[in-house]
Every structure is written in structure tokens, then in C-alpha cells.
Amino acid sequence: MTQVSHQQWGEVPGQGTVDLWVLQSSQVRVEILTLGAIIRSVYSRGKDDLMEDVVLGYDDLEGYVTDKRYLGAVVGRVANRIAKGRFVVEEKEYQLDINNGPNALHGGLRGFNKAIWLATAVEGGVQLTHTSPDGDQGYPGEVRVSVSYTLQGETLTAEYHARSTRTTPINLTNHSYFNLAGQGAADIYDHEVSIDAQSYLPVDNTSIPTGEVRAVESTPFDLRKQVLIGSQLKDVPGPGFDHNFCLSLPGDPWAVRSATRVCHPASGRVLEVSTSQPGVQFYTANFLDGSIKGKGNFRYGKHSAFCLETQNWPDAINQASFPDCLLRPGEDYRHVTHFTFTTV
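What you see is a predicted model, and the numbers here were worked out from it, not measured in a lab.

What counts, and at which threshold
- Residues numbered from 1 in each chain as written.
- Predicted model: local features only at pLDDT ≥ 70, side-chain atom pairs only at ≥ 80, totals over all residues.
- Heavy atoms only, no water.
- Helix = DSSP H or I, 4+ residues; strand = E, 2+ residues; numbered from the N terminus.
- Rg over C-alpha atoms; globule rule 2.2 N^0.38 Å.
- Buried < 20%, exposed > 50% of the residue type's maximum accessible area, 1.4 Å probe, protein only.
- Contact = heavy atoms within 4.5 Å.
- Areas by Shrake-Rupley, 256 points an atom, 1.4 Å probe, with all protein chains shown as cover.
- Salt bridge = Lys/Arg side-chain N within 4 Å of Asp/Glu carboxyl O.
- Pairing = 2+ DSSP bridges.
- Axes fitted to C-alpha atoms, helices over the stretch in contact; angles between N-to-C directions.
- UniProt positions renumbered as here; feature names shortened; annotations may be inferred.
- Polar contact = N/O pair within 3.5 Å; in protein donor to acceptor, adjacent residues only side chain to side chain.

Draft legend 1. Just the overall build of the chain, in detail. Looking only at helices and strands, one finds two helices and 29 strands in the chain. Whereas a compact globule of 344 residues would reach a radius of gyration of roughly 20 Å, the chain reaches 19 Å, a difference of no more than 12%. Over its C-alpha atoms, taken along the principal directions, the chain stretches across nearly 60 × 50 × 40 Å. Put simply, the chain has 344 residues, and 56% of those count as buried. Of all intrachain contacts in the chain linking residues separated by at least 6 positions in sequence, the fraction that spans at least 24 positions is 65%. Taken as a whole, the chain presents about 13,900 Å² of accessible surface, with 47% of it coming from carbon and sulfur.

Draft legend 2. Region of interest: the pattern of salt bridges. Under the criterion given, the structure shown has 13 salt bridges. Note that Arg334 and Glu159 form a salt bridge whose closest N and O atoms lie 3.1 Å from each other. On the criterion of sequence distance, the pair formed by Arg334 in strand β29 (residues 333-343) and Glu159 in strand β14 (residues 155-164) is long-range, its members being 175 residues apart. Across the salt bridge formed by Glu331 and Arg328, the nearest N and O atoms sit 3.7 Å from each other. One network of salt bridges, in which partners are shared, links Arg29, Glu31 and Arg40.

Draft legend 3. Highlighting the sheet that holds strand β2 (residues 16-24). One open sheet holds the five strands; their spatial order is β1-β2-β3-β4-β5, and the pairing between them is antiparallel. Here the strands that pair on one side only, and so sit at the sheet edges, are β1 (3-12) and β5 (51-53). Put simply, the sheet's adjacent strands are angled 20° from each other on average, direction ignored. With nine bridges connecting them, β1 and β2 associate as antiparallel partners. Paired with Val4 across the bridge in β2 is Leu23.

Draft legend 4. Structural detail: unusual backbone geometry. In the segment running from Gly76 into Arg77, the intervening peptide bond is cis, with an omega of 15°. Mapped onto the elements of the fold, Arg77 is located in the loop between β6 (74-75) and β7 (81-82). In this structure, Glu90 takes a positive phi of about 50° despite not being glycine. In this structure, Glu90 sits in the loop between β8 (86-89) and β9 (92-95). Residues other than glycine seldom take positive phi values, yet Ser207 does so here, at roughly 70°. Tracing the chain through its elements places Ser207 in the loop between β18 (199-200) and β19 (214-215).

Draft legend 5. Here's a closer look at the UniProt feature "active site" (unreviewed entry) in the chain. UniProt records the feature "active site" (unreviewed entry) for His175 and Glu309 in the present numbering. In summary, the annotated positions, though distributed over 135 residues, converge in three dimensions, the widest C-alpha pair being only 6.0 Å. You can see His175 is positioned in the loop between β16 (173-174) and β17 (192-195). Mapped onto the fold, Glu309 is located in strand β27 (residues 307-311).

Draft legend 6. Representation of the UniProt feature "binding site: beta-D-galactose" (unreviewed entry) in the chain within the structure. According to UniProt, the "binding site: beta-D-galactose" (unreviewed entry) feature falls on Asn80, Arg81, His175, Ser176, Tyr177 and Asp242. Looking at where Arg81 falls in the secondary structure, it is placed in strand β7. When near neighbours in sequence (up to four residues on either side) are disregarded, Arg81 contacts Asn100, Asn103, Ala104, Leu105, Thr206, Ser207, Ile208, Asp242, Gln281, Pro314 and Asp315. Of note is the side chain of Arg81, whose polar atom sits 2.9 Å from the side chain of Asn100. Judged by relative accessible area, Asp242 falls into the buried class, the value being 10%. Apart from the residues within four sequence positions on either side, Asp242 is in contact with Arg81, Gln281, Phe282, Tyr283, Asn286 and Phe287.

This is the structure we're talking about:
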């Protein structure tokens, strides 16, 4: 049985009040903000039976309002990068704001992560809805989007829906940063990870996929068997993992598939993720640099957390061989991701 409660948490000047929703089962406690549909906290049990908060975030609302790293937020209209912020839909070219080197990232300068969503209680959780007007951040069509967070036992489920009045690219995910050791842990080098992917997407020097779908075999991206993140990072070119792993291929049927397992042996905590999305962006917080003061005044540094962004493949709008990312009038965008927190 999941207990659901909510309270006012603060106010964003000119935008309105922000509520904090709490989902509590016997194994897990989840806190959700109506700002950005943010997962503020996930408390899970270790082998010592102690509950620890395993999600990075802030102690107050101001931290989330000024945050530039998408901590815990739903990002959209299009998660990840669009090359040069440009795309063509139905023979019309669209130019988005550039906010990540030469590219557009995570929906724009004011994406879904900065909106205050409307919340409604549902069985075992909360449904958050948001309407993105036609032309929002440069995207075509009015999009009505919802994400439902429900907690059943040890599993948190995020279910996304969207409908649009015009054909538009869409790619929604949650951008939570996890550290299974809890708050204040310096890094994730002692975590072990496996990802159920036979291939990944190599990227150029601006993190845009080159178009190649490369087998993970005999590369540092072969995470099909559990590996220690700290030692694996030494073999990855660049500052760390920030790559899409291919969970399914274009044309594969919609299905919820096992995606990844992360284990922290010292605490015994395990996070397993399954999703209907065709990819997961495994990101090792390469660009956290210690400048962010998070919960308990801890500074979040490089490699202090990991993200498992279940999503369509990056820049799919500009890569014809990638899974289709267009939402057309009359269609229902729907994706599901399950986060299961257990101990070993």
C-alpha cells in the first residue's frame, strides 16, 4: 500500500506555488516537485536497514529555480541534443535556441524542467500535466504532456503521455542524478553497472551522434556484464560516459525491456531500470564541477553521480536511420520507465 500526501513547498515569483508530493511504501519514499516534475528525493534501504536519499538535489526551492544541470527534472520537448538546433518537419525548417556549444539541449532555454506542472492524485502516486503552447522554445504545435509517478513496493514507475496539434519532435525523460551511497558521497567509482545493449552511438566532439550504430563488443562501452564504474572510466575517451546505449532498433515493436542494473556493494543498494524507450543515455556527471551546493551543503563534483536517461536516440530528428521521434496530430506518445530499488 502506497501512502500519497502533498504540501506547499514554496513559490516562484511570477509563476506560482510549487507543491511537494510524497509517495511512501514500506520499502521506498519518493518526493516529487510540481516544478519541472522533479524527482527531489528517493529514500531506499541499504543492507544495514538504513534509509538513504540516493538522488542529488537541493535543500530549497531556490536551488531548483536557478539550477542549470536539470537535477531530477523531466526534460523536453526534446531531451538530449539536436545538432545546431535545426530540423525540418513537413518541409519547414525550424531553428531553436542554442544552449549547449553549437547545439540545442533538453528542450531549450526554458524547457519543461522550468515549468510548474498541474498535479492530481492517482492510485499510488501523482499525475503531473503541462501544456506547451505552439511555438514554445521554437517547436511547432501545442503539446499536452503528462507524467505519472506511481510507487508500488520497491518500484517507481514514470509513465509519459503526449498529444500535439501539429507534427513535432518529442523525446521525454527524467534527468535524475543517482548515487546509491547516499548524500555526501564523493564519487561513483565504487558502483558497478551493467547495460543490456549490444550497440551504442559514437559521438562527435560536440556530443552529436555520428550516425554510426557501433557494436559494443571489444570496446569500453561493453557493459553487458557488470563492471566497476571507476576502472571502466579510465578506458572511456573524453571526460566519461555521456552516450546513448541502444536497447532496441528502429522497427522493433513497443515493449518494456530490461535496460540497466547499478549496484553499490558497500551499502548493498541496487537500482534496476526497465523501459519502453529505444535508448538509455548513461551519463557519469562529467560536467558537475563542485560549484553546485546541494543537499546538506555538499558540493557535487565530477563523477559524483550517474544518470540513466531513458529516451529516443539523440538527434533522431536529423538522422533518418534512427527511431522515429515525430508525434503527429491524433497520435498518442506513450512511454514507461520502471526504477526498482532493492538490496543485495
